[in-house]
Amino acid sequence: MIKKVVLFTLITLMGPNLAHAQIIIKDEWARVTPSGSGSVYMTIENIGDQDDNLTSASSDEAKTAMIHQTIREENIAKMIHVMGGIDLPKGEKIKLEPGGYHLMLMGINKNLSLNDRISITLAFKNNENIEINPIVKIRPPNAHKHK
C-alpha cells in the first residue's frame, strides 16, 4: 500500500513536467570578428504541446552571451538587448538570422577560425537546457552562391 501511495505521489508531482515543450535546433552557425565579438544564428522549432521561451544563452568561450534583436529606424540598424527572451509558440519555428534576432557574444576568449565550433548553452523556460556547437562561417552555411 505504501509503495502505491509513493508511486501515485511521484506521478502526480511529475505530471505537469511530463507535458513540456520539445525544442529542435537546426542550421546553427556563428560569425566572429577579430575583436572578440560575434553573432550566433539558428532556427528554433517548438514541436511540443505548449509555448516556451528562450530565456538566455551562455558560453564558457565568451564573457557574455546575450539575446539581441536588430531593428531598423530610418535606414539605421540598431541592436537591442532582448530582456524577456524570445517567445517560442507551440508548433512554430523562430529564425535567429542576420538583421533580426541573434545571440551576441562578447569577449570571446580564443581566436576562432573558419570551420571551428563554439560551445553555447541555451536556457528555456519550459525545456531543459540545450547545448549547441555552431560552426564559424562568414555567411550562412547554405547561402546562395552566385556563379
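Please refer to the structure higher up on the page.
Bear in mind that the values here come from a model prediction, so they are computed numbers and not experimental data. (Residues numbered from 1 in each chain as written. Predicted model: local features only at pLDDT ≥ 70, side-chain atom pairs only at ≥ 80, totals over all residues. Heavy atoms only, no water.)

What follows is about the packing of aromatic side chains. All told, the structure shown has one aromatic pair when counted by the stated rule. Geometrically, the ring pair formed by W29 and Y41 is tilted, given 4.7 Å between the ring centres and 35° between the ring planes. Taken as a pair, W29 in strand β1 (residues 23-32) and Y41 in strand β2 (residues 37-46) lie far apart in primary sequence, 12 residues in all. In this pair, the class of W29 matches that of Y41, namely buried. (Phe/Tyr/Trp six-rings, centres within 6.5 Å; stacked < 30°, edge-to-face > 60°. Helix = DSSP H or I, 4+ residues; strand = E, 2+ residues; numbered from the N terminus. Buried < 20%, exposed > 50% of the residue type's maximum accessible area, 1.4 Å probe, protein only.)

Our next topic: the pairing of β2. For β2, a buried count of 10 out of 10 residues is recorded, marking the element as mostly surrounded by other parts of the structure. Covered by surrounding structure in β2 are S37, S39, Y41, T43 and E45 together with G38, V40, M42, I44 and N46, the residues of both alternating faces. In the sheet, β1 pairs with β2 via eight bridges, with the strands oriented antiparallel. Opposite R31, over in β2, you have S39 as the bridge partner. Remark: four residues form the turn of the hairpin made by β1 and β2, two consecutive strands paired antiparallel; G36 in that turn has positive phi of roughly 95°. (Pairing = 2+ DSSP bridges.)

Moving on to the pairing of β1. One ladder, built from two bridges, connects β1 with strand β11 (residues 135-136); its direction is parallel. From the neighbouring strand, A30 faces β11, where its bridge partner is V136.

Let us now look at the pattern of salt bridges. A side chain of one charge can pair with a side chain of the opposite charge if their charged atoms are brought near each other. Enumeration according to the criterion identifies two salt bridges in this entry. Measuring nitrogen to oxygen at the nearest pair gives 3.2 Å for the salt bridge that ties K26 to E45. Placement of K26 in strand β1 and of E45 in strand β2 is noted, with a sequence separation of 19 residues between them. Accessibility expressed as a relative area gives 30% for K26, which makes it partly exposed. Across the salt bridge formed by E73 and K78, the nearest N and O atoms sit 2.8 Å from each other. On the basis of relative accessible area, E73 is assigned to the partly exposed category, the value being 38%. Given a relative accessible area of 39%, K78 falls into the partly exposed group. (Salt bridge = Lys/Arg side-chain N within 4 Å of Asp/Glu carboxyl O.)

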